[in-house]
Amino acid sequence: MTAVTTTTHTTTHTTATAAETATETAAAPLATAAEETRQVRRRRRLAPGRRLPATRIVGPAVVLALWVVASAAGLLDPGAIPAPWTVLETGSRLWSAGTLPDDILTSLQRAATGFAIGLTVGILLALVSGLTRTGEALIDGTVNLNRAIPTLGLIPLFILWLGIGETFKIAIIAIVVYVPIYLNTHAALSGIDSRFVELAEVQDLSKYRFIRQVVIPGALPGFFVGLRLGVTGSWLGLVVLEQINATSGLGYMMFQAQNYGQTDVILVGLVVYGIFGLVSDSAVRIVERRVLSWRRTLSS
């Protein structure tokens, strides 16, 4: 009887122990998952957080709201800074008259032509300089010398060389664009880890495959930084160039408005320039995000 009782007690104790072990075993993954979740949450506090929708227009919207409030409250001199509705009415009138669409089209053509030339030259020079020592010796110092010279200071010389027509304007825009594209792309090429080069040599990659699989992906982040600076630079250069010996374009419209004291027309031109700059920069960002979707960065 005693043996049976002992056996029963042992069996019960063994069953309880097995149940506790099974419970602990089942609870262990849950505890581990909860701990990992807490760690992830702690890590996420260091990051900027989830990307908010339409973040690029929040700042301009705030500025516009302050402008509206200040104009409605009479805090701004209408002769110096017209109200937003006055600027909108002037823009609508210029659009209906046909002058604003023609000026916008002319400015877009100038900016696009100069940007295309600067983009092509900047990429080609960066590749030659970044991939060959001879190219670096011949190109890099020359481009940095060009960067040290104010580009807008070249305008008088380019007018003497190319005349006062469209050619010198496009040439200046191309110079403004190619410099940042070259500098950032060349820096990205020079910053590619040498271990990737050694791995490509071990894999016996051809020069073409090395450029396509190693060089281009490694240089893309720097290239997109230069591309954004180049897009912005093309609009900045255009503002100045269209006020020099021009007969059309947004800058010419603003220059004529300055002579007649038409502040509202000047603000119309500035608003259009700002919209073009914001839209083009946002377009580059969208392309960059899609092309570089494989990267895990702080912003993503």
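Residues numbered from 1 in each chain as written. Predicted model: local features only at pLDDT ≥ 70, side-chain atom pairs only at ≥ 80, totals over all residues. Heavy atoms only, no water.

*Asks:* I would appreciate a short explanation of the overall build of the protein chain in the present structure.
*Replies:* From N to C terminus, the protein chain includes 11 helices and 0 strands. In the protein chain, buried positions account for 32% of the 300 residues. Split by element, the accessible area of the protein chain, about 18,900 Å² in all, is 66% carbon and sulfur. (Helix = DSSP H or I, 4+ residues; strand = E, 2+ residues; numbered from the N terminus. Buried < 20%, exposed > 50% of the residue type's maximum accessible area, 1.4 Å probe, protein only. Areas by Shrake-Rupley, 256 points an atom, 1.4 Å probe, with all protein chains shown as cover.)

*Asks:* Which parts of the structure should I look at to understand the packing of helix H3 (residues 84-97) against helix H4 (residues 99-131)?
*Replies:* Two numbers describe a pair of packed helices, the interaxial angle and the distance between the axes. Where H3 meets H4, the closest approach of the two axes is 4 Å, and the angle between their N-to-C directions is 85 degrees. What the angle tells us is that H3 and H4 run roughly perpendicular. Residues Gly91, Leu94, Trp95 and Ala97 of H3 form the contact with H4, whose own contacting residues are Thr99, Leu100, Pro101 and Ile104. Its residues placed into classes, the contact of H3 with H4 shows 6 nonpolar, 2 polar and no charged. (Axes fitted to C-alpha atoms, helices over the stretch in contact; angles between N-to-C directions. Parallel < 35°, antiparallel > 145°, perpendicular 65-115°, else oblique. Contact = heavy atoms within 4.5 Å. Nonpolar A, V, L, I, M, F, W, Y, C, P; charged D, E, K, R; others polar.)

*Asks:* Where do I start with unusual backbone geometry in this structure?
*Replies:* Of all residues except glycine, most have a negative phi; of all peptide bonds, most are trans. Even without glycine at this site, Asp204 takes up a positive phi of about 60 degrees. Mapped onto the elements of the fold, Asp204 is located in the loop between helix H8 (194-202) and helix H9 (207-241).

*Asks:* Help me out: how do you make sense of the layout of surface pockets in this one?
*Replies:* Rolling a probe over the atoms, with the probe sized like a water molecule, indicates the empty space that remains. Taken as a whole, the largest pocket encloses approximately 650 Å³ of empty space. Taken together, 20 residues line the largest pocket, and the ones lying closest to its centre are Leu64, Trp67, Val271, Val272 and Ile275. Looking at the lining of the largest pocket, the elements with two or more residues in it are helix H2 (58-72), H3 and helix H11 (263-291). Of all the elements, H11 adds the most residues to the lining of the largest pocket, at 7 residues. Classifying every residue of the lining of the largest pocket gives 17 nonpolar, 3 polar and no charged. Approximately 430 Å³ is the volume found for the second largest pocket. Around the second largest pocket sit 19 residues that line it, and Gly130, Leu131, Leu189, Val197 and Phe210 are the ones nearest its centre. Elements with a minimum of two residues in the lining of the second largest pocket: H4, helix H5 (133-148), helix H7 (166-190), H8 and H9. (1 Å grid on protein atoms, 1.4 Å probe; cavity = no way out; pocket = protein on both sides within 12 Å on 5 of 7 lines; lining within 4 Å. Points joined across faces, edges and corners; volume = space filled by probe spheres on them.)

*Asks:* Can you help me understand the pattern of salt bridges in this one?
*Replies:* Oppositely charged side chains are able to pair whenever their charged atoms sit close together. Taken as a whole, this structure holds 6 salt bridges when the rule is applied. The shortest N-O distance in the salt bridge between Glu166 and Arg110 comes to 2.7 Å. Placement of Glu166 in helix H7 and of Arg110 in helix H4 is noted, with a sequence separation of 56 residues between them. The class of Glu166 is partly exposed, set by a relative accessible area of 36%. For Arg110, a relative accessible area of 3% translates into the label buried. Across the pair Arg133 and Glu136 runs a salt bridge whose closest N-O atoms are separated by 3.1 Å. Highlighted residues: Arg133 and Glu136, both in helix H5, separated by 3 residues, approximately one helical turn. One salt-bridge network, held together by shared partners, links Arg110, Glu166 and Glu242. (Salt bridge = Lys/Arg side-chain N within 4 Å of Asp/Glu carboxyl O.)

*Asks:* Would you take a moment to explain the side chain of Thr90 for this structure?
*Replies:* With respect to the helices and strands, the residue Thr90 is situated in helix H3. Taking relative accessible area as the criterion, Thr90 reaches 4% and is therefore assigned buried. Discounting residues that sit within four places of it in the chain, Thr90 has contacts with Asp264, Val265 and Val268.

*Asks:* Honestly, the nonpolar core in this entry has me stumped. Any pointers?
*Replies:* The tendency in soluble globular proteins is for nonpolar side chains to be buried side by side. If you look at the biggest cluster of nonpolar residues, it comprises 45 residues, and the most contacted ones within it are Ile172 and Leu250. It is H7 that contributes the most residues to this core, 11 residues altogether. Leaving out residues up to four positions away in the same chain, Ile172 has contacts with Thr151, Leu152, Leu154, Ile155, Phe158 and Leu241. Judged by nonpolar contacts, the second largest core, of 8 residues, contains Ala188, Leu189, Ala200 and Ala219. (Core = buried A, V, L, I, M, F, W, Y, C linked by side-chain atoms within 4.5 Å.)

*Asks:* Explain the environment of Thr263 to me, please; I cannot follow it from the model alone.
*Replies:* Tracing the sequence through the fold places Thr263 in helix H11. Sequence spacing of Thr263 and Ala80 is 183 residues, and the spatial spacing of their C-alpha atoms is 6.6 Å.

*Asks:* How should the packing of aromatic side chains be read in this particular structure?
*Replies:* For any pair of aromatic rings, geometry is given as the distance between the ring centres together with the angle between the planes. Using the criterion set out here, one finds 3 aromatic pairs in the structure. With a centroid separation of 5.6 Å and 40 degrees between ring planes, the pair formed by Phe158 and Trp161 is classed as tilted. Remark: Trp161 and Phe158 occur in helix H6 (residues 155-162); sequence separation between them is 3 residues, near one turn of the helix. Taking relative accessible area as the criterion, Trp161 reaches 59% and is therefore assigned exposed. (Phe/Tyr/Trp six-rings, centres within 6.5 Å; stacked < 30°, edge-to-face > 60°.)

*Asks:* Where do I start with the confidence of the model for the protein chain in this structure?
*Replies:* Note that predicted coordinates carrying low pLDDT should not be read in detail. Per-residue confidence for the protein chain gives a mean pLDDT of 82, with 81% of residues at or over 70. Note on residues 1-13: pLDDT is under 50 here. Beyond four places in sequence and across chains, it has 0 contacts. (pLDDT = per-residue confidence, 0-100.)

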